[in-house]
Amino acid sequence: MAGINNYSSLKFQAERGLHDEQHPEKGHPGSRDLPTTYSPSKHLGSSVDRREKSMVENINADQDAINRIQYLNPEHAALSLPLGKHKVLDKYSDAQEDDTSVRKYLVMGVQWVSLVTENLLSHPFIVLRRQCQVYNASRRYHLHPFTLLPSIVHLHRRQGLTTLWKGVGSCLLVRGMTLAIDDFISKCTSWPKEVNSRTTLKRFGQHILLKCISIGLVVPFHAASLVETVQSDIASEKPGLFDVFREGSLRLFYWSSPQKGRMLPAWALIGPSVSFGITKYLFNLVIRGVSSRIMRRRITNQSQDSQGGKFHDSSLEHQNAEVYANLIAILTTEAIFFPFETILHRLQLQGTRTIIDNLDNGYDVVPILTNYQGVVDCYQTTIVSEGVCGLYKGFGAMILQFVAHVAVIKLAKWVVNQIAEVISNRPPARIVQYYNLDGIACSRSTTLSPSISSTEMEDNSVGQNSLD
């Protein structure tokens, strides 16, 4: 506005002086002294034209600077877009912060869904897998899931839909008992329940010792839970909710000769179970750490590449990476340690007089009669009588388990994205890409300061020129 006022006053004075030179009035000083041959009007007119042209350019520069400042202002940024686009941008910009907070809670929901799927929804496949593992005389090994489908259909027709959910209560109780023992030992000894990359070697050793004690105490109860999981509903009595504690306590405190026929004592089971459990746990930690680092590095590289024009919330991607890293670790660990689990389950079930469903056809029931002397004898007998594939009986059930697990996580993630778009009023991905809303939102935050500083410098220079 100061430039406009200066321009108006200077222009008025220049026009008045030009009028006085061309039309001198009476009494005007110097009007009679000027010679008739000298014409200063032409020289003065060219000077005024140059000054007027310079001032108009400065005023135009001021107006451009004002327009740029208004464009960079969030309240006026939408004015630069065509009609119809600025409404989408306004909704998108106002919902950025709400969108981030909503997505954090929804990603936590995906993590809970993954946890529930791992501990509850996967139970029917665990039942199928364990029944295949402990049946040493089966003709079908079920190495792929297609051979299991007819048996599953026959089981449902004969025993109902709940036949594959047997033992779910005892499994959850054993897992809760494991967490309770970990917490009790940690509070009594100050040993850490969890470890991370910053844990010292001493603290890590204490954590491993805590896990060894916890696994050793839970082994008898896990064996009792295994019996409830694999026994047939139509050939056995349904156990009570807390029978797993009674049966586990009997096996825990009975260390001498076997209680029932060929049942192995607790000392013969605790050693292999602790070795198997701690090795599996350490392998899971390594795979999960490696997978998490690879996925985090990939996310970091993608966020660095997209900093030039897109809005990217890497924290949410890191949370998703943890979910998938945990899934990869579980899948890899279960696949590699599957033969050792088969041997351990056969030792734990021996001597319990358990009758299971015959998964060769899904109609019959068969007793489990084995006489293994230990881990080595169980391995050698299995290799001789069933071959190497005998250690992988029921592997198809594990494939079905992880296919269902991945499908549930994918479905939960899709639902979360739909809910986030509805709650935060975020436009669909096609609209964001078409209008380049992410690029506008990012450029607004990255180019505001340098643009304003350059505009201020230009404004100062325009003011100085106008004053001159």
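Residues numbered from 1 in each chain as written. Predicted model: local features only at pLDDT ≥ 70, side-chain atom pairs only at ≥ 80, totals over all residues. Heavy atoms only, no water.

Trainee: Let's hear about the side chain of Thr370: which residues, and what values?
Mentor: Take Thr370: it is sitting in the loop between β2 (365-367) and α13 (375-386). A relative accessible area of 9% places Thr370 in the buried class. A distance of 3.3 Å separates polar atoms of two side chains, one belonging to Thr370 and the other to Gln350. Once residues lying within four places of it in the same chain are set aside, the contact partners of Thr370 are Asn136, Arg262 and Gln350. (Helix = DSSP H or I, 4+ residues; strand = E, 2+ residues; numbered from the N terminus. Buried < 20%, exposed > 50% of the residue type's maximum accessible area, 1.4 Å probe, protein only. Polar contact = N/O pair within 3.5 Å; in protein donor to acceptor, adjacent residues only side chain to side chain. Contact = heavy atoms within 4.5 Å.)

Trainee: Give me the lowdown on the side chain of Gln350, citing residues and values where you can.
Mentor: Summarising the element assignment, Gln350 is placed in the loop between α12 (338-349) and β1 (355-357). Here Gln350 falls in the buried class, since its relative accessible area comes to 1%. In terms of polar contacts, Gln350 uses its side chain to reach the backbone amide nitrogen of Tyr372, at 2.6 Å. Not counting residues within four places of it along the chain, the set of residues in contact with Gln350 comprises Arg262, Met263, Leu264, Thr370, Asn371 and Tyr372.

Trainee: Explain the environment of Ser291 to me, using residue names and the numbers behind them.
Mentor: Note on placement: Ser291 falls in helix α10 (residues 266-305). Since its relative accessible area comes to 11%, Ser291 is described here as buried. Taking the C-alpha atoms as reference points, Ser291 and Leu327, separated by 36 residues in sequence, lie 9.8 Å from one another. Apart from the residues within four sequence positions on either side, Ser291 is in contact with Ala325 and Ile328. Here the side chain of Ser291 touches Ile287 through a polar contact of 2.8 Å, landing on its backbone oxygen.

Trainee: Describe helix α7 (residues 168-189), naming the residues involved and giving the relevant values.
Mentor: In this model, α7 (22 residues) spans 32 Å end to end at C-alpha, consistent with the 32 Å of a helix rising 1.5 Å per residue. Among the residues making up α7, those that are buried are Ser170, Cys171, Val174, Met177, Ile181, Asp182, Ile185 and Ser186. For α7, the buried positions fall inside an angular range of 165 degrees around the axis, keeping them on one side. For α7, the exposed residues set more than 90 degrees away from the buried face come down to Leu179, Phe184 and Lys187. Residues of α7 that are buried make contact with α5 (123-134), α8 (201-230) and α9 (243-252). Once α7 finishes, Ser190 follows within two positions and takes phi at roughly 60 degrees, a positive value. (Expected span 1.5 Å × (residues − 1). Arc of directions from axis to C-beta.)

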